[in-house]
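What the coordinates show
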Amino acid sequence: MELRPLEKLPPPLRDHDGIPTMPEHEALPWTYLGRQKGVLGLFGLCGMGLFFLPWIHVTLPDAYILSGFDLARIRGWQFGAFVAWMVLVPTILSRRSIAKMRGARVVAAFLSAIPGLTVGIFLAFPQKGGLVPVRFEYEWAFWATLALSLASLVAAFRLGGRLDDMPVTRGTSVGQHVH
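The following paragraphs examine the structure supplied in this document.

Structurally, Pro29 can be placed in the segment before helix H1 (37-51). For Pro29, a relative accessible area of 46% translates into the label partly exposed.

Laid out in structure tokens, this is it:
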């Protein structure tokens, strides 16, 4: 074996104790968007945009349109949908290893479910008029938020993918006996 200066050697593929790093713990590039990471990031950005589009079209007693933002300014608790989308994006995009992506599944699922729960509350408890009747219709962005929340929930449970189909960047176990 030829001896070379330490500066010319490649960086070690071992952690602090000298044990080789497991493939699922290897750092991926910042631009890596596979294993549902990019999909969830895109869903979060789209969800933030949908929050500012028309959700409810009121026709009686007056005709006006309310976005998710307008509804949140009136009552306040609807901001949870926007905050959930806003927190989902950096939470997902900051995960740089498969193990960290898989570890963020529960958090991603929770954040993905909050906008759907917000829409579900509107559907379960529709606004009723008192002395003055109220008539309204839900707009497309309202339904799109529900669909996006459900799709994001499915993607969150698949975040990080399976460990048995993981690409190995170095070495292989072919020809080795496992005891």
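With that settled, the discussion passes to the environment of Met86. Mapped onto the elements of the fold, Met86 is located in helix H3 (residues 79-93). Linking Met86 and Gly44, residues 42 residues apart in sequence, is a C-alpha distance of 6.6 Å.

Gaps between atoms show up when a probe of the same size as a water molecule is rolled over them. Within this model, the largest pocket holds a volume of roughly 280 Å³. If you go around the largest pocket, you meet 17 residues; those closest to its centre are Ile56, Leu71, Arg75, Phe122 and Gln127. Counting only elements with at least two residues in the lining of the largest pocket, the list comes to strand S1 (54-60), strand S2 (64-67), helix H2 (68-75), helix H5 (105-124) and strand S3 (135-138). By residue number, the principal contributor to the lining of the largest pocket is H2, which donates three residues.

Conventions we followed
Residues numbered from 1 in each chain as written. Predicted model: local features only at pLDDT ≥ 70, side-chain atom pairs only at ≥ 80, totals over all residues. Heavy atoms only, no water. Helix = DSSP H or I, 4+ residues; strand = E, 2+ residues; numbered from the N terminus. Buried < 20%, exposed > 50% of the residue type's maximum accessible area, 1.4 Å probe, protein only. 1 Å grid on protein atoms, 1.4 Å probe; cavity = no way out; pocket = protein on both sides within 12 Å on 5 of 7 lines; lining within 4 Å. Points joined across faces, edges and corners; volume = space filled by probe spheres on them.

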